Structure formats: structure tokens, C-alpha cells
Amino acid sequence: MSETWRNRLMLAIAIVLAAIYLFPLYWMYITTLKSGSAMFATPPSFWPSDPQWSTYAYVWESRNLARYMWNSLVIAFGAVALITVLGTGCAYVLARYRNGWIDIGLFLILMLQVLPASLMITPIFVGFSQLGMLEYPRTAVIIAIAAKSMPFFVVLVRATFMSVPMELEEAALVDGNSRIGAFFHIVLPLARNGILVSAILIFMQAFGEFVYSKSIIQAVEYQPASVGLNSFMGPNTNEWNNIMAFATIYVTPILAVFVLLQRRIVSGLTSGALK
Amino acid sequence: MTHQIELSGVNKYYGAYHALRDIDLKIRKGSFVALVGPSGCGKSTLLRSLAGLESISAGDLIIAGERMNGVPPRKRGIAMVFQSYALYPHMTVEENLTYSLRIRGVKKAEAKKAAEEVAATTGLSNLLHRYPRELSGGQRQRVAMSRAIIRHPKAFLFDEPLSNLDAALRVHMRKEIRSLHDRLGATSVYVTHDQIEAMTMADHVVVMRQGVIEQQGPPLELYDRPVNKFVAGFIGSPAMNFIPAKVGADGRSLVFELGNPQFVTLDRPLPTASKLIVGLRPEHLRLVQEGDAQIRLPVGVVESTGSMTYITSATTPEINVVVTDRQPLRSGEMMSLGFDPAHLHLFDTDSERRIDIAG
């Protein structure tokens with residue numbers, strides 16, 4: 001009896017908390033559908049009586065959203081590709097060797113993770129401008145994001161590699177494979193899930209990245225959607241429905257990916273992604 | 001060249017830790033060699049060095065006449081069965097079996113045929129399309145063995161392959177591995193911590209401790225003539241009894257120090273060392289009539305398994321006796337024990353080495 005009541009209480013608390021967390025998201029979706037007057041009505045309506053679907057098309061056209069989204073995709077995919085290729089090798093080495101140098105390396109990697117982007121951007125900006133990399137602003141942002149997110153990826157993927165037993169690799173070596181062959185044939189397929197999950201998390205981070213893009217990319221035609229959304233807003237903005245439509249178009253694909261892969265992401269993060 | 005594997009003066013260091021010390025070992029072609037010893041004795045390190053998974057710090061390692069010291073595992077032509085089986089979880093049984101062939105570029109159809117042939121001999125024919133996670137422990141064990149067999153290697157290396165199986169299956173697989181070895185005419189090196197496995201399976205047993213080969217030879221030789229107290233205690237189950245003793249004043253008798261001294265007349269010349277350790281196997285002690293007793297001890301614990309009775313004496317050190325009939329003995333009673341002096345082993349108290357007695 002008391003057990004069931006406790007469970008019900010817990011469930012109720014969980015629902016209330018979830019509602020609080022998800023309310024802004026709900027408000028974003030609702031606002032996009034409201035007309036100008038409905039937006040400022042008091043009391044506010046929680047369900048639009050006259051949904052304005054045309055807002056989406058209007059924002060897509062007027063703000064050139066296709067270009068922003070494309071830039072976001074280019075930056076996110078670029079960063080993920082760079083991080084996956086470099087980080088996987090790094091994580092493997094850190095997983096397979098155990099000595100003082102490795103511990104120092106891990107410590108430094110974790111330290112990198114601690115530094116916030118807003119602190120890093122000044123030296124990065126100065127360095128990039130010295131190297132002339134600001135000529136290629138999207139590439140510059142990809143490299144900056146890769147540097148920022150690599151530690152996170154390496155730490156996650158290292159755990160995945162550590163869950164692949166060393167004996168499997170040794171069996172492959174005795175079976176006639178080289179170290180590199182064993183890595184590609186045996187270790188990589190078994191660590192695939194963990195790498196995939198980590199890559200998706202990196203993608204979501206990079207897709208929403210703001211600080212580096214805002215600072216490094218001056219030309220509007222190379223700016224990603226996060227910067228575009230920011231420049232949409234000003235001190236006297238009142239077209240909230242349009243801003244929310246922009247945000248909706250920007251955020252919904254990532255949300256959808258997360259919801260679809262949610263189970264795999266969670267299991268990949270907890271179980272080292274094996275079996 | 002009848003030796004398939006030859007090790008001479010092999011040493012291995014992990015930093016300052018000396019894992020293998022001056023290992024000399026010759027393994028005849030077609031023989032079954034067991035490396036046995038307590039954990040941390042270096043037996044697995046030795047096996048891994050043979051496989052090429054560890055490099056040796058000094059000495060020569062020769063496989064089939066070729067020096068293999070720095071040769072990577074894939075070029076050594078040996079197969080290994082791991083303790084955890086190390087089956088590739090993302091491949092079916094067939095893919096597991098043919099993996100080594102596919103790496104070497106054997107044609108698909110040929111590899112498939114080879115897998116089917118091997119599977120037929122190891123009873124895996126109807127499991128070829130399963131994944132390792134869908135197999136029982138014994139079946140996984142067979143896949144691991146088959147994966148080794150399919151390559152026709154120069155030698156099979158086994159790293160405690162039976163330790164993950166239950167007792168009944170272990171006894172069964174023991175026989176199966178041995179008969180497979182005989183059928184293939186292979187050379188096998190088998191690492192185990194279980195001396196029963198070593199004794200029952202091997203032609204040649206190598207007992208190791210702390211990186212040193214303590215003794216090697218045919219199993220029964222190790223049982224009959226252990227070179228030191230360690231080998232004597234390690235080989236045989238239940239373990240040999242060790243009793244501190246003094247040589248009597250006449251030089252032809254022993255005084256066992258078991259609480260109160262027990263005089264044993266051997267009627268043969270004994271070494272001059274005044275203090276010794278006497279080794280007596282539990283199965284070599286028998287219960288006798290009071291008049292024929294060589295030693296008399298108080299009974300401690302009596303355990304019967306039906307076929308065997310295990311008696312432990314209430315002395316320090318404890319003396320174990322194994323007899324094959326049932327005994328109405330009770331704790332606290334006195335028992336009279338006899339033994340054949342030929343079954344007595346003598347060891348030096350300090351060096352723990354065997355002391356031979358004449359005739």
C-alpha cells in the first residue's frame with residue numbers, strides 16, 4: 001500500500017518536473033502559430049484558436065533560412081568528421097596503454113574540457129587571424145569546435161574501447177592479423193555503437209554552437225543558424241512568432257534525432273555500447 | 001629436428017620484475033606439454049611469449065627450427081585457445097572459424113568447406129550460423145578449439161581453456177582435447193593451474209614457481225620422484241603430508257615430530273643431516289592393526305564420500321589419510337598407521353630439496 005503510494009507520488013513529481021522543463025519548448029511551438037495580437041493577449045492562450053501556419057514559410061523565405069541551415073550542417077558535419085577520425089585513434093591509444101604518460105595525457109584532455117568557449121575564443125581568434133585562417137571562416141570554426149569537443153569524444157570513446165576485451169585483439173593477432181588489421185576488423189566493429197553515439201552527441205553540440213561562429217564568421221553568407229537566430233533579435237524586437245518559427249525550424253530536426261535515437265544513446269553511454 | 005619448440009635461456013622482465021628466469025624447455029613434435037603452477041608463476045607469460053604476444057628479454061625461442069624471438073604473432077604459425085575463448089562476438093561461428101583463412105586470402109568457398117569439415121569433427125555442424133552469445137559455455141569452448149584446428153598450426157597453445165566450465169564438462173573436455181591432440185598429431189602446450197589436468201592430459205609436465213621451472217618430466221615421474229618440497233606438495237591430490245623429523249641416534253630410524261615424538265624404524269641408512277622434512281602421500285598411508293603400527297595418531301576429522309574416507313589427524317601439523325574403505329573411526333580415538341618405506345620422501349629442511357635414500 002505505502003509502496004504504491006510512494007511510487008505514485010514519485011511519478012507525480014516526475015511529471016511536474018518534466019512539465020516545467022518542457023514548458024518553454026511547448027511555448028515556442030505555440031507561439032509560432034499565434035497571430036500578432038494573440039501573442040500579446042492577457043491572459044495568454046495556451047492553445048492557438050487560429051493557427052498561422054504561413055509564419056514558417058514566411059520566415060524560411062524572408063530570413064534565407066536555407067542558407068543558415070546549410071552552414072550549420074556544414075559546420076556540424078565537418079566538426080564531427082574531424083573529431084571522429086582524429087579522436088577515435090586517440091581514444092584507442094589511451095584505452096590500450098597504461099602508464100604515467102597516458103595518465104598525464106588524460107589529465108590534460110580533461111583540463112581542455114574545463115576551459116569555457118568564451119575564454120578560449122580570444123586566443124583562438126588571434127591565432128587564427130595570424131595564420132590567415134579567417135579567410136576560411138567555416139573551416140576555422142570547424143577546427144575550433146573540434147578542439148573544444150574532442151576531449152568529450154575521446155573520454156567517451158575511450159570507455160567504449162576499454163570495454164572491448166584485449167584478448168579479442170590478441171586472438172586476431174594470433175589468427176594472422178596485424179595490429180592495424182585487428183583494430184579495423186575486430187575492435188572498431190565492436191566499438192561502433194559507442195563511437196556512433198558519441199558522434200551524434202558531438203553533432204548536436206556542433207549544430208547548436210554559437211560562441212565561435214559568432215566571433216569568427218563575419219560574413220552573413222557563412223553564418224550558421226545559431227548566429228542567424230541571434231541577429232534576428234534586437235532590443236526592439238516584437239515579432240516573437242517569427243523568431244520562434246526560426247527556432248522551431250532550427251531545433252526540431254535535432255530534437256527528432258534525439259528522440260529517435262534516445263534509447264541507443266542512453267544504452268551507449270551507460271553500457272560501453274557492447275552487445 | 002624432432003623438437004617443435006625449443007626455449008633456451010629465456011628471460012623476461014617487466015621493468016624490475018623478473019617474470020621468467022632462465023627457462024630451458026624442449027618440446028618434442030607431437031607431444032602434449034602442460035605448464036602448471038600457482039598463479040603468478042609465469043606459466044601464462046611463457047605461453048604468451050611462445051605466441052608472440054609478449055616479447056622475451058633474453059634467450060632464444062625456436063619454433064619448428066626457426067628463431068622466432070622478434071617475429072610478430074601472425075608469422076609464427078601457431079594457434080591459441082584463450083581462457084575466455086575470445087570468440088569474435090560480431091561474427092557467426094562460421095565467420096569465427098574462417099577468420100584466419102580469410103585474412104590469408106583463402107577463397108570463400110574453400111574456407112567454407114574447411115569450416116564445415118572442422119565443424120563436423122567437433123560437433124558444431126548445426127551451429128555454424130549462430131553467434132557466440134547464442135552458445136553455451138561448452139559450445140563456445142568447441143568453437144575456440146575449432147578456430148585453432150582449422151589453421152593446421154605448428155603448435156596449439158592453450159591458456160587455461162577449461163577453467164570457465166563446470167566440473168562435469170571439464171572432465172569431459174579434458175578427454176576430448178587429449179583425443180583431438182592424438183588424432184591431429186599436433187604439438188600442444190597447455191597452461192593450467194590444476195595439477196589434475198596436467199597429470200591426466202600431458203606427456204610432459206613442467207612445474208613452475210616464481211618464473212623458474214622447478215621440475216619437468218613425465219607426470220608419474222613428478223609424482224614418484226619430486227625434486228623438492230614444492231613440487232611434492234603441488235603434484236598429487238590431496239596434497240602430500242609434510243612432517244618435520246629428526247634422524248635417530250642409530251642413523252637408521254626417524255623421529256617424526258607430531259606433538260609427541262613418534263619413532264619410526266626404517267632399517268636403512270639415512271643421510272647425516274640431523275633435521276629433515278618427511279613427505280608422505282595421504283594415499284600411501286594405511287590403517288593397520290595396533291601391533292603393526294609405525295605411527296599412532298589421534299583422529300581429528302573423518303569425512304566420507306562413500307567411495308573414499310578422508311581422515312585428518314588431531315596433530316600439528318595435521319596428517320591426512322585417504323583410504324578406500326569405510327572406517328568406523330571417531331574423533332579423539334587413536335589410529336594406527338602403516339606405510340611402505342619406499343613411499344617415503346625426504347627433503348632437506350633448509351633447501352627443501354629432495355634427499356635420496358639408498359635401498
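Residues numbered from 1 in each chain as written. Chains lettered and ligands numbered in written order. Predicted model: local features only at pLDDT ≥ 70, side-chain atom pairs only at ≥ 80, totals over all residues. Heavy atoms only, no water.

Colleague: I would appreciate a short explanation of the overall build of chain A in the present structure.
Modeller: Across its full length, chain A carries 12 helices and zero strands. Sequence-ordered secondary structure for chain A, helices as α and strands as β, is α-α-α-α-α-α-α-α-α-α-α-α. Each principal axis of the C-alpha atoms in chain A carries an extent, and together these give about 75 × 70 × 30 Å. Taken across its 275 residues, chain A has 40% of its residues classed as buried. Within chain A, contacts between residues at least 6 apart in sequence are counted, and of these 73% link residues at least 24 apart. Of the roughly 15200 Å² of accessible surface on chain A, a fraction of 71% belongs to carbon and sulfur atoms. (Helix = DSSP H or I, 4+ residues; strand = E, 2+ residues; numbered from the N terminus. Buried < 20%, exposed > 50% of the residue type's maximum accessible area, 1.4 Å probe, protein only. Contact = heavy atoms within 4.5 Å. Areas by Shrake-Rupley, 256 points an atom, 1.4 Å probe, with all protein chains shown as cover.)

Colleague: Looking at this structure, I do not really get a nonpolar patch on the surface. What am I missing?
Modeller: Side chains of Leu9, Met10, Ile13, Val16, Leu17, Ile20, Tyr21 and Leu22 of chain A sit close together on the surface and give an oily, nonpolar patch of about 870 Å² of accessible area. Topologically, Tyr21 of chain A is positioned in helix α1 (residues 2–32). (Patch = residues over 30% accessible without salt bridge, like charges linked within 9 Å, V, L, I, M, F, W, Y side chains within 5 Å. Salt bridge = Lys/Arg side-chain N within 4 Å of Asp/Glu carboxyl O.)

Colleague: Is there a simple way to think about the confidence of the model for chain A in this case?
Modeller: In regions of low pLDDT, the predicted coordinates are not meant to be interpreted in detail. Averaged over every residue, the pLDDT of chain A is 88; the share at 70 or more is 97%. When pLDDT is averaged over each helix and strand of chain A, the minimum, 78, is found for helix α2 (residues 36–39) of chain A and the maximum, 94, for helix α4 (residues 65–96) of chain A. (pLDDT = per-residue confidence, 0-100.)

Colleague: Sorry, what's going on with the environment of Val187 of chain A here?
Modeller: All names here are of chain A. Note that Val187 resides in helix α9 (residues 179–207). A sequence separation of 32 residues divides Val187 from Ala219, and the C-alpha atoms of the two residues are 43 Å apart. Those residues within four positions of Val187 in sequence are excluded, and the remaining contacts are Tyr92, Phe161, Val164, Glu169 and Ala182.

Colleague: What is the right way to read the environment of Leu7 of chain B from this model?
Modeller: Residue and element names in this part refer to chain B. Position of Leu7 among the secondary structure elements: in strand β1 (residues 3–14). Using a relative accessible area of 2% as the deciding quantity, one classes Leu7 as buried. Once the C-alpha coordinates of Leu7 and Ile27 are considered, the two residues, 20 residues apart in sequence, prove to be 8.6 Å apart.

Colleague: Just checking my understanding: could you explain the side chain of Ser253 of chain B for this structure?
Modeller: All names here are of chain B. Take Ser253: it is sitting in strand β12 (residues 253–258). Judged by relative accessible area, which is 11%, Ser253 ranks as buried. Polar side-chain contacts of Ser253 include one of 2.9 Å to the side chain of Asp250. Residues in contact with Ser253, not counting those within four places in the same chain, are Lys246, Val247, Gly248, Val264, Thr265, Leu266 and Leu270. (Polar contact = N/O pair within 3.5 Å; in protein donor to acceptor, adjacent residues only side chain to side chain.)

Colleague: Would you mind showing me how to read the nonpolar core here?
Modeller: The tendency in soluble globular proteins is for nonpolar side chains to be buried side by side. Formed by 105 residues in total, the largest nonpolar core has its most connected members in Phe161, Tyr212 and Ile216 of chain A together with Ile23 and Leu25 of chain B. With 16 residues, the single largest contributor to this core is α9 of chain A. With near-sequence residues (within four places) excluded, Ile23 of chain B lies in contact with Leu7, Ser8, Gly9, Val10, Leu46, Met208, Gly211 and Ile213 of chain B. By size, the runner-up hydrophobic cluster in this structure holds 46 residues, among which are Ala111, Ala115, Met173 and Tyr223 of chain B. (Core = buried A, V, L, I, M, F, W, Y, C linked by side-chain atoms within 4.5 Å.)

Colleague: How should I be thinking about helix α3 (residues 108–122) of chain B in this particular structure?
Modeller: What sets the pattern is the α-helix's 3.6 residues per turn: residues three or four places apart point alike. All names here are of chain B. Helix length check: α3 (15 residues) gives 21 Å between terminal C-alpha atoms against 21 Å at 1.5 Å per residue, within 8%. What α3 keeps buried is the set Ala111, Ala114, Ala115, Val118, Ala119 and Thr122. Axial view of α3: buried residues confined to an arc of 130 degrees, hence all on one face. Exposed and oriented more than 90 degrees from the buried face of α3 are Ala109, Glu110, Lys113 and Ala120. Packing partners of the buried residues in α3 comprise α2 (93–103) and α4 (137–149). One or two steps after α3, the chain reaches Gly123, where phi turns positive at roughly 70 degrees. (Expected span 1.5 Å × (residues − 1). Arc of directions from axis to C-beta.)

Colleague: How should I be thinking about the pattern of salt bridges in this particular structure?
Modeller: If the charged atoms of two oppositely charged side chains come close together, the side chains can form a pair. Counting across every chain of the model gives 23 salt bridges over all chains. Across the pair Asp103 of chain A and Arg98 of chain A runs a salt bridge whose closest N-O atoms are separated by 3.2 Å. Across the salt bridge formed by Glu116 of chain B and Lys112 of chain B, the nearest N and O atoms sit 3.8 Å from each other. Taken together, the residues Glu116 of chain B and Lys112 of chain B, both in helix α3 and four residues apart, mark about one turn of the helix.

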